[in-house]
Amino acid sequence: MAQQINLLTPILLAPRRYFSALTLLQATGLLVVAGIAASVWLQYRDRQAEQEHQALLAQYATQRQQLLMARANLPAPLDANALAQQMQALEAGNAQRQALLASLGTEGTRRLGQRHSDLLALVARTLPDAAWVTELRYAPGRVEIAGGTLDTAVLRPWLGQLAASPLLAGQELSALRVERLGAPGTETAANPLLERGASLAQSRLPVWAFRVVSAPDAPAGAASGGSR
């Protein structure tokens, strides 16, 4: 009788080992390497975070020092009364400036003969040839004119023309003072009237200095000094 012998019986084969010592060693090595890498990365991140924390602390300390210095440099709180006084002074200054602007704005709307520039035009138009003006001061209610002349007789008629101007209504140019330059008691060295020209000094003509001031509602006949 025929008999079959099977040499590939699984019982006779070597058993398959899924977790051998080499596999476990390799896995353990990989885990160790991964742990070391993770530990190094965590230490790096920890050092980086520590550096950022120290930088923030330094920045905070600098800003705190600057804040303390700024608070120390702040001015002392002002008193309410002092602030009120300063406010009143500012308001008074603003009121004066507004009044000045208003007066300047109405200057161009005044009628002919009532503007400030009309007095200058009147003086220039009526000034005699033998006289000249070195100073002219004008304020509401007061006019002061200073100058010189070679003939004192032309002063009264000229001042009468000025007094007739509507700009000088209610005023009288009566306070007139005349004195001869070079006379005893007069200072001619630094007098601006001598700057009219070298021809006057060379010709030795008599030069008279005059000054007239308006007086509101003053009686006529103000004193006039000096020879004529």
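The structure contained in this document is the topic of the report that follows. (Residues numbered from 1 in each chain as written. Predicted model: local features only at pLDDT ≥ 70, side-chain atom pairs only at ≥ 80, totals over all residues. Heavy atoms only, no water.)

Some words on the nonpolar core
Core analysis: the biggest nonpolar cluster contains 17 residues, and Ile145, Trp158, Leu159, Leu162 and Phe210 have the highest contact counts within it. Of all the elements in the fold, those that place two or more residues in this core are α3 (116-126), β2 (142-149), α4 (155-163), β3 (171-180) and β4 (208-216). Once residues lying within four places of it in the same chain are set aside, the contact partners of Leu159 are Leu173, Leu176 and Val212. (Core = buried A, V, L, I, M, F, W, Y, C linked by side-chain atoms within 4.5 Å. Buried < 20%, exposed > 50% of the residue type's maximum accessible area, 1.4 Å probe, protein only. Helix = DSSP H or I, 4+ residues; strand = E, 2+ residues; numbered from the N terminus. Contact = heavy atoms within 4.5 Å.)

Overview of the side chain of Ser214
Checked against the element boundaries, Ser214 lands in strand β4. A distance of 2.7 Å separates the side chain of Ser214 from the backbone nitrogen of Val143, its partner in a polar contact. The residues touching Ser214, leaving out its near neighbours within four places in the chain, are Gly141, Arg142, Val143, Gln171, Glu172 and Leu173. (Polar contact = N/O pair within 3.5 Å; in protein donor to acceptor, adjacent residues only side chain to side chain.)

Focus on the pattern of salt bridges
Two side chains with opposite charge may pair up if their charged atoms get near one another. If you walk through the whole model with that rule in mind, you get 4 salt bridges. Salt-bridge contacts for Arg177 lead to Glu179; the nearest nitrogen and oxygen are separated by 3.5 Å. You can call Glu179 partly exposed: its relative accessible area is 30%. Taken together, the salt bridges that share partners define one network made up of Glu135, Arg137, Glu144 and Arg211. (Salt bridge = Lys/Arg side-chain N within 4 Å of Asp/Glu carboxyl O.)

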